[in-house]
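# Chain and residue survey
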Amino acid sequence: MHPHVVGRFTGVFLWAMLAAAAWAGEFYEPEGVAVRGFDVVAYFTDHKPVKGSSRYTVFFRGSLFQFASAEHRNAFLADPTRFAPQYGGFCAYGTARGYKAASDPEAFTVVDEKLYLNYSVAVRDRWREGLPEVIAAGDRNWPFVSKLTKVIP
């Protein structure tokens, strides 16, 4: 086979593998990274959404997470389950209601040292009205919801 054809085939093959891997993790990763590339540690340390960088990354449960700093990346590496979003980063309100929906990194809440994301700020505000019942419902529903393949965009 001609070297250019081999190189082109290898490039296409690698791109396809990376694209497949981007959707293979346990977390919501619409842009190929968990939490749309936002730094999950920042929700706890800065109390706001902070965009991560491709310079500081970690694969966790098959998903790529990005961080704003090496310090945040290292904190995540030390205890990833502490910082990873609940319900795979899908909408907490949707999970409580029995369906899988997209989430917005701006629509977050930290409750009892756990990160929850919601579809929008308006949905987050509605979800907050029902605490702790909606968290209990989400916890009960997640084993079923996690297996759903349809995601409300």
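Rules used throughout
Residues numbered from 1 in each chain as written. Predicted model: local features only at pLDDT ≥ 70, side-chain atom pairs only at ≥ 80, totals over all residues. Heavy atoms only, no water. Helix = DSSP H or I, 4+ residues; strand = E, 2+ residues; numbered from the N terminus. Contact = heavy atoms within 4.5 Å. Buried < 20%, exposed > 50% of the residue type's maximum accessible area, 1.4 Å probe, protein only. Pairing = 2+ DSSP bridges. Core = buried A, V, L, I, M, F, W, Y, C linked by side-chain atoms within 4.5 Å. Expected span 1.5 Å × (residues − 1). Bend = angle between axes of the 7 residues up to and from the residue. pLDDT = per-residue confidence, 0-100. Phe/Tyr/Trp six-rings, centres within 6.5 Å; stacked < 30°, edge-to-face > 60°.

Tracing the chain through its elements places Thr 57 in strand 1 (residues 53-60). With 15 residues separating them in the primary sequence, Thr 57 and His 72 have C-alpha atoms 9.8 Å apart. Beyond its immediate sequence surroundings of up to four residues, Thr 57 is in contact with Leu 64, Phe 65, Gln 66, Phe 67 and Arg 73.

A large share of strand 4 (residues 114-118) lies buried, amounting to four of its five residues. Judged from the five bridges that link them, strand 3 (residues 104-111) and strand 4 form a sheet pairing that is antiparallel. By the bridge assignment for strand 4, Val 110 is matched with Leu 115. The antiparallel hairpin formed by strand 3 and strand 4 contains two residues in its connecting segment, where Asp 112 sits at a positive phi of about 50°.

Moving on, we get to the nonpolar core. If you look at the biggest cluster of nonpolar residues, it comprises 19 residues, and the most contacted ones within it are Val 35, Val 40, Tyr 43, Phe 65, Phe 67, Phe 76 and Leu 115. Contributing elements (two or more residues each) for this core: helix 2 (42-45), strand 1, strand 2 (63-67) and strand 4. Not counting the four nearest positions on each side in its chain, Leu 115 is found in contact with Val 40, Tyr 43, Phe 44, Phe 83, Pro 85, Gln 86, Phe 108, Thr 109 and Val 110. Listed in part, the 17 residues of the second largest apolar core include Ala 92, Ala 101, Val 111 and Val 145.

This part takes up helix 7 (residues 133-145). With 13 residues, helix 7 extends 17 Å from end C-alpha to end C-alpha; this agrees with the ideal 18 Å at 1.5 Å per step. Within helix 7, the axis deviates most sharply at Asp 139, by approximately 30°, and proline Pro 143 lies no more than four positions further along. All buried positions along helix 7 are accounted for by Val 134, Ile 135, Ala 137, Gly 138, Trp 142 and Val 145. For helix 7, the elements touching its buried residues are helix 5 (92-97), strand 3, strand 4 and helix 6 (121-129).

Put simply, the protein has an average pLDDT of 88, and 84% of its residues get 70 or more. Within the model, the stretch residues 1-23 combines pLDDT values under 50 with seven contacts to residues more than four positions away or in other chains.

For the structure shown, the criterion picks out 13 aromatic pairs. Aromatic side chains Phe 27 and Phe 65 sit 5.1 Å apart centroid to centroid with 75° between the ring planes, which places their arrangement in the edge-to-face category. Here Phe 65 lies in strand 2 and Phe 27 lies in the loop between helix 1 (3-22) and helix 2, a separation of 38 residues in the sequence. The class for Phe 65 is buried, based on a relative accessible area of 0%. Centre to centre, the rings of Tyr 87 and Tyr 116 are 5.8 Å apart; their planes meet at 55°, and the pair counts as tilted. On the criterion of sequence distance, the pair formed by Tyr 87 in the loop between helix 4 (80-83) and helix 5 and Tyr 116 in strand 4 is long-range, its members being 29 residues apart.

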